[in-house]
Each structure stands twice: as C-alpha cells, then as structure tokens.
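Close look at the chain arrangement
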Amino acid sequence: MGSASSMLTQYDIEEVQEHCNNLFSQQEIVSLYQRFCQLDRNAKGFISADEFLSVPEFAMNPLSQRLLKMVDGLNFKDFVAFLSAFSAKANAQQKIELIFKVYDSDRNGKVSFKDILEVLKDLSGSFMSEDQREEVLSQVLREAGYTKDSHLTLDDFIKVLGQSDLKMDVEIPVD
Amino acid sequence: MKEHIVFGGEKIHGSKMASLRSLHAVWNARHSPLICAQPLSFSFLLRKKKKKEVDSIHRSSIGQANPISNLREKLPKTQTAIGSVLGILGYSLIHYYLPVDDLVLSLRRLLMADQKCILTLPVPSRSHWKKKSDSTALMNNPGTLKSSSSELDLDRPNIEDYLPSGSTIQQEPHGKLFLHDLLNISPTLSEAAGAIVDDSFTRCFKSNPPEPWNWNVYLFPLWCFGVVIRYLILFPIRVIGLTLGWIIFLSSFIPVHFLLKGHDKLRRSIERSLVEMMCSFFVASWTGVVKYHGPRPSRRPKQVFVANHTSMIDFIVLEQMTAFAVIMQKHPGWVGLLQSTILESLGCIWFNRTEAKDREIVAKKLRDHVQGADNNPLLIFPEGTCVNNHYTVMFKKGAFELGCTVCPVAIKYNKIFVDAFWNSRKQSFTMHLLQLMTSWAVVCDVWYLEPQNLKPGETPIEFAERVRDIISLRAGLKKVPWDGYLKYSRPSPKHRERKQQNFAELVLRRLEEK
C-alpha cells in the first residue's frame, strides 16, 4: 500500500535504534517515523522550521525558536536521536546533556552568564526587565558558589541539576 | 481608563481589569500568606458542601455599598470563612459589578484586622470578564471598558482549559530559588518535545486510510476482482448517471431560471427541488448510504443550522433532503462556477478567507437572510474548515450571535469503504470526488438534533461551545481547542506571553522567599 511504516525495514529500524542508544523500542520508532513523514509534508527527508511551527503547541512554546535551531533540517536518524533524551529510558546524564545544549547556543562547551540570560529572556519575555533578570541570575549564581564571570561546563550542569528532579519523559503514542 | 487604585502604597494605573490583575501581582510579591487561587474558588467552596452558608452570605452581600464590613461580623473567625468571603467578594465583583475600589478598601481593612488569614482571591475566567465588562459598559459609561479588552482576545475559548494539565497549572513550587531551579528548563522542553511527537491539532487534519484487508493470499484475488468492478463497471455507470443528472438538471433549471422571472415564488420552489434532485444524483454517484435521524428541517425565519464539517460532500448530503442556503468559501474552478450560478439562486453566501472586508459583508448578509420567512434555511459549518471526522475544532461564534435558534446537525461517516475526509491541501475536490466515485459506497449517519437557544447570561462563545458539545457527543467526536484557521496562520503570541508571565511571576515570588 506504500504507507509510511512499510518503507522502514527491520534493518532500518535497528540502525536507527542503535543511533539513539536503544532508548526507543521498535514500535516507537515506527510511530516516530510516521510522525516524521506527516510533518515533512513534501517528503524532502527533513522537517523545515516552518513545518515545525505549523504545530501550534510547538509554536506557542517560549523556547521554540531556540529549539528550532537544534532540530531544523535534521534527518530522521538525528531527529530520533534528539528526541531520545525525552525517552523514559534515558538517564539523568543524557537529559542534562540536552539541557546543556539548549543553553550552549554557540556550542563551545561552556555556558556563560549571557547564555543563561538569553534563555531566561525567552522564558520570561517582557514580564521581567533586563535588570531583574540579571539580578535574579547573579543572586542565584552567587549562592551556588559561582560568579558572574564563571563559565559553566557540562560537569557543572550535572552537579547542579543532579539534585533536582527532571520531568523530561515524553511518551511516544504507539497505536 | 485613567483611574488608578492605591494599595499598600503602590499606585496602579490602567483599566479595571488590569488593576485587579496587578493588585494580584502586588499581593503575590508582598504578602506571602496570600495564596493564589485557582479560577473560581467560589465553585470550589460550593463543592465543599458549604453551599448553604455561602449562599446566605452571598445573598446578604448583594446590593450593599460595602459588603464586607457587614460580612465580617457574621462570620466565624476561621480561615476558610475569610477565604470564602473573599471568594464571594471576587464572585460578586464578577457577577454584580462592584467597583474595584470597594474591594480594595474592604480587603485592606480585613488585612489589618487579621494578619494571618489565608486569602483566596479568585482569578476570574475570561468569559466572566466579558459578562462583566459588557454590562458595566452598558450600565454606566459605555465604551470605557471595551477598549481594555480587545474583541479578539475574547473570541475564543480558553486554550489552557483543554491542554493537558501540568502545562500551566502545575502545583507551584515553593521556597527559595536555587540555581538548579532556574536552570531546570525540563518542563518547557518536554512540552515542546511532546508537541513534536504528537499534537492534537495535526491529528484533526490527518487522513486515516481505511484498514487494508487484502494482505492475504485468498482475499487478494477477491480484492483485485473488486477493483476491476469498481473502476471498470461501477465507475462508468456512475459517470453516466451523473452526466444524465446534469443534463436533466440543466435542461430544466435554465428555462425555469429565465422564463419564470415574474413568478418568484414558483420559480424558487422549482429551483429548490431541482437542486435537491441534483444532489441526489451526486449522492447516488457514490452509492451514498445515508441514514437520516430526527425530524426534517423546516423552513421558517430566525433559525440557523450548524453542522460539523468533513468534506464538501457534507453539503451535498444535507442538501439532498432540504435545500439549504449555505455559507461557503469561494472555490476556484468548476466548483466556483457552480457557486456563482446555481447555488446563488438558493441564497448561498460566499466569502474569501483572505479578505478581511468580507467578514463584515457576510455578517450583514447573514443577518438579512435569517429574517426572511421564505428564504431557504441557513446552513453554517462553524468550524470553518474540513476536519477528519474524529475531532471537532473550535466553532466560530458568528452563527451563534445572530439571535436565532440554532439547530445542530451531526454528521458521522463510516469509513468502512472510503475515508470521506477531504484533505484540501493534498487533493483537489475533483480528485476527492473521483476517489469517492470509485469506492463501493459512502456510508454515513446524519442526526438532526434538538434546536438550542441562547440561555440568559450566556455569551455567544459559551453557546457555541455548548452546541459543539452536543454535536461532538452525538457523532462521537473528540473536542480540541484549536481554531481551524491555524492551518493557514500561526497562533497569536498571546499564549506564549501567558506562559512567560507565569514563569516571571513565579521566579520573582520565589526570589523574595527565604
């Protein structure tokens, strides 16, 4: 019938599974592939920014622009790899790595004061002033033993976020 | 607009609505005992079986200049009681249009007297505000309040009411703000990932192909045999039938239309039956097996029919029984030609989605149309777009503010042979018709449901939602909060702003806490 699921062979699925460290079951991958094809409207092999934004729930998200930079133009394998951090099977470290990547927009492996400020700006919009954001951030940084000039590394993130509970499990609908 | 209120030494400018909001925010920041309540804590109190108590207080509070001064004496000094006073106060403010200043004054007194009390100030839902602002504007100074809340803002049901809980109404974390709280963006990220993986909006417009049943050695020849019959025998017969229908229709419609110019009544009734006949030919061309339930629609003024929308064939299916005048988007091609010639004579109304001016013209035409006694009954698909018959998207309120009786019609297709959903992005209407004509049959149920009227105190939006409930229930459809027009545009930044506001308020509040 040429439907989406029949185009993935067992080998394909296993390959994708390996690529995402076996964090998704085969059924979940099939279902993600259907979703991928649905969003990729003209079957170009990737999902464009515009197609992501056609999902209103995604477009409404305060971090959508930032996330778009990460997911724009991903092929299916990388798309699954990106989502794998949201699998219930992913461990805290994998989840924190993703969070770190969201903050580290210039991908230099360090998160500066300014990087965090920018995320805060996305999250609070016009409801906090620039001064307020800086004040809040420098206060919490100081209390956690960092200064305004310190650059946070992934290890810092793991140390800091390790103590809070991350609610990052997204269930893949399998029908 | 220029009024301001003073609370705790802070001046707050703006409209009444805004000042109550900022009052709330000021409170949040300054008085930790204040707990932000869920919307309508009043109904929450009622659920706690304190209905009688609350009722009596409530009754006594109406019509007094400063209700709370008397209330205090009547109440036992418990926290819930004071909470309920404020609940009532907020409630009265919403329903009985008490000025905000009174509220502030009373609350300040209360606060001074009872420092430790837990206060609950209900955050009114937006539909309530509409009621209030409408009536206050009518009562005293018309026009002042309307400007504070844009029409568009109130045009739709609250999306947050539908979204999975946890998106906005999380149990708010308390206590001091730490770095890990600030860095933890996991809830927002999971929401985004959840939307990427699955979302209720795209589900509405997903064509669901019928389950294939031919994957079987024994059945496969049978299926092939079926294909041969459908494409080589059924389809040509149907095309011939349809052509025959067109010939009969046109050869009688054109003379009637031009010769009977003087006899309007006669001409109209003949045209009506001709269109009904033509639609029957269409239905026959896909072997439509349609079951109609409930009384047939009658022709009378001040009523409007609303139905859920799956495909343009909805219209044909309904038109076969009764000649409706329908509101439709202007289509290109042969459909457009039909629209501007034949359907025009039924009193159908066209609009162009992209023309903003059309809105007003259509609204006026609608109002004129429903007044006429002999006009064909009006049929509106308030969803404004085709949905795949598993969901209903938001109803546009236009049909519900005409002041007419609304007669809901529910249509449910059985997908046993073919999916009747017209995915206008993927296929043209001609292709869609061909798909239907090469299938075995189109099976569907139509229910004419009980007519509904606007209840006193109900806004058109609430009314639209109620009718949507009725239709969804009957046809077994799931409701989603989305505006179907989001197919063509992006959601307004308002929803994102609300999330940002929540976040900002939470951070600022927790920063103060030690």
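Residues numbered from 1 in each chain as written. Chains lettered and ligands numbered in written order. Predicted model: local features only at pLDDT ≥ 70, side-chain atom pairs only at ≥ 80, totals over all residues.

Moving on, we come to the overall build of chain A. A count of helical and extended segments in chain A gives 10 helices and zero strands. Counting from the amino terminus, helix and strand elements in chain A follow one another as α-α-α-α-α-α-α-α-α-α. A buried classification covers 34% of the 175 residues belonging to chain A. Residue pairs at least 24 apart in sequence account for 59% of intrachain contacts in chain A once pairs closer than 6 positions are excluded. (Helix = DSSP H or I, 4+ residues; strand = E, 2+ residues; numbered from the N terminus. Buried ≥ 20, exposed ≤ 12 C-beta atoms within 10 Å, placed from the backbone. Contact = placed C-beta atoms within 7 Å.)

A word on the nonpolar core. Core analysis: the biggest nonpolar cluster contains 127 residues, and Val 80 and Ile 99 of chain A together with Val 304, Phe 305, Val 306, Leu 379 and Val 409 of chain B have the highest contact counts within it. Excluding residues within four positions of it along the chain, Val 80 of chain A makes contact with Val 16, His 19, Cys 20, Phe 24, Ile 29 and Leu 32 of chain A. (Core = buried A, V, L, I, M, F, W, Y, C linked by C-beta atoms within 7 Å.)

On to the UniProt feature "transmembrane region" (unreviewed entry) in chain B. Mapped onto this numbering, the UniProt entry gives "transmembrane region" (unreviewed entry) at residues 80-98, 215-233, 240-260 and 272-292 of chain B. As annotated, residues 272-292 of chain B has a helix share of 67% and a strand share of 24%, and its two end C-alpha atoms lie 20 Å apart. (UniProt positions renumbered as here; feature names shortened; annotations may be inferred.)

We now examine the packing of helix H2 (residues 26-39) of chain A against helix H6 (residues 76-83) of chain A. Residues and elements named next belong to chain A. Two elements in contact, H2 and H6, have axes separated by 11 Å at closest approach and are oriented at 115 degrees. H2 and H6 meet at a crossing whose hand is right-handed. Side by side, H2 and H6 meet where Ile 29, Leu 32, Tyr 33 and Phe 36 of the first sit next to Phe 76, Phe 79, Val 80 and Leu 83 of the second. By residue class, the composition of the contact of H2 with H6 is eight nonpolar, no polar and no charged. (Axes fitted to C-alpha atoms, helices over the stretch in contact; angles between N-to-C directions. Left-handed = near helix turned anticlockwise from the far one by under 90°. Nonpolar A, V, L, I, M, F, W, Y, C, P; charged D, E, K, R; others polar.)

All right, on to the pairing of strand S7 (residues 325-329) of chain B then. Residues and elements named next belong to chain B. In the sheet, S7 pairs with strand S9 (residues 378-380) via two bridges, with the strands oriented parallel. Residue pairing for S9: Val 326 is matched across the bridge by Leu 379. Two strands pair when backbone bridges link them, and S7 and strand S8 (residues 349-351) are joined in this way by three bridges, in the parallel orientation. Across the sheet, residue Gln 329 finds its bridge partner in S8, namely Phe 351. Assessed by its sense of winding, the connection that carries the chain from S7 through helix H13 (residues 333-341) to S8 is right-handed. (Pairing = 2+ DSSP bridges. Right-handed = clockwise from strand over helix to strand, strands pointing away.)

Residue-level contacts link 43 residues of chain A with 42 residues of chain B. For the side of chain A that touches chain B, the elements supplying multiple residues, two or more each, are H2, helix H4 (56-59), helix H5 (64-71), helix H7 (92-103), helix H8 (113-124), helix H9 (130-143) and helix H10 (154-161) of chain A.

A few words now on the UniProt feature "domain: EF-hand" (unreviewed entry) in chain A. Residues and elements named next belong to chain A. Under the feature "domain: EF-hand" (unreviewed entry), the UniProt entry names residues 27-62 and 91-126. With 61% helix and 0% strand, the stretch residues 27-62 has end C-alpha atoms that lie 31 Å from each other. Taken end to end, residues 91-126 comprises 67% helix and 0% strand; its first and last C-alpha atoms sit 35 Å apart.

Okay, the sheet that holds strand S12 (residues 442-448) of chain B next. All names here are of chain B. Taken in spatial order, the seven strands make up an open sheet running S5-S12-S11-S6-S9-S7-S8, and their pairing is mixed. Pairing within the sheet leaves two strands with one partner each, and these edge strands are strand S5 (288-293) and S8. The mean angle between the axes of side-by-side strands here comes to 25 degrees, regardless of whether they run parallel or antiparallel. Packing against the sheet, helix H16 (residues 460-475) makes contact with strand S6 (303-307), strand S11 (405-414) and S12, and its axis sits at approximately 30 degrees to S11.

Before going further, it helps to examine helix H12 (residues 313-321) of chain B. Of all nine residues that make up H12 of chain B, seven are buried, and the element is covered over most of its length. Of all the positions in H12 of chain B, only Ile 313, Asp 314, Phe 315, Val 317, Leu 318, Glu 319 and Gln 320 of chain B are classed as buried.

With that out of the way, let us pick up unusual backbone geometry. Residues and elements named next belong to chain B. Of note, Thr 287 is a non-glycine position whose phi angle comes to about 40 degrees, a positive value. Mapped onto the secondary structure, Thr 287 falls in the loop between helix H11 (264-285) and S5. Thr 287 sits in the partly exposed class, given 16 other C-beta atoms within 10 Å.

This brings us to H2 of chain A. Compared with an ideal rise of 1.5 Å per residue, which puts 14 residues at 20 Å, H2 of chain A spans 20 Å between its outermost C-alpha atoms and is within 8% of the ideal. Listed as buried for H2 of chain A are Glu 28, Ile 29, Val 30, Ser 31, Leu 32, Tyr 33, Arg 35 and Phe 36 of chain A. Contact partners of the buried residues in H2 of chain A: helix H1 (10-19) and H6 of chain A together with helix H8 (186-197) of chain B. (Expected span 1.5 Å × (residues − 1).)

Right, let's talk about the confidence of the model for chain A for a bit. All names here are of chain A. Within chain A, residue pLDDT values average 86, and 96% of them lie at 70 or more. Across chain A, element-level confidence peaks in H6 with a mean pLDDT of 91 and bottoms out in H10 with 88. Note on residues 1-5: pLDDT is under 50 here. Beyond four places in sequence and across chains, it has nine contacts. (pLDDT = per-residue confidence, 0-100.)

The subject of this paragraph is the environment of Tyr 231 of chain B. Among the structural elements, Tyr 231 of chain B can be located in helix H10 (residues 219-259). Taking C-alpha positions, Tyr 231 of chain B is 8.4 Å from Ser 439 of chain B, a pair spaced 208 residues apart along the chain.

Turning our attention to the environment of Val 335 of chain B. In this structure, Val 335 of chain B sits in helix H13. Taking the C-alpha atoms as reference points, Val 335 of chain B and Thr 430 of chain B, separated by 95 residues in sequence, lie 9.0 Å from one another.

All names here are of chain B. For chain B, the mean per-residue pLDDT works out to 71, and 65% of the residues sit at or above 70. Every residue in residues 1-85 scores below 50 in pLDDT, and together they form 114 contacts with partners more than four places removed in sequence or on other chains. Here residues 111-171 scores under 50 on pLDDT; set against residues more than four positions off or in separate chains, the count is 92 contacts.

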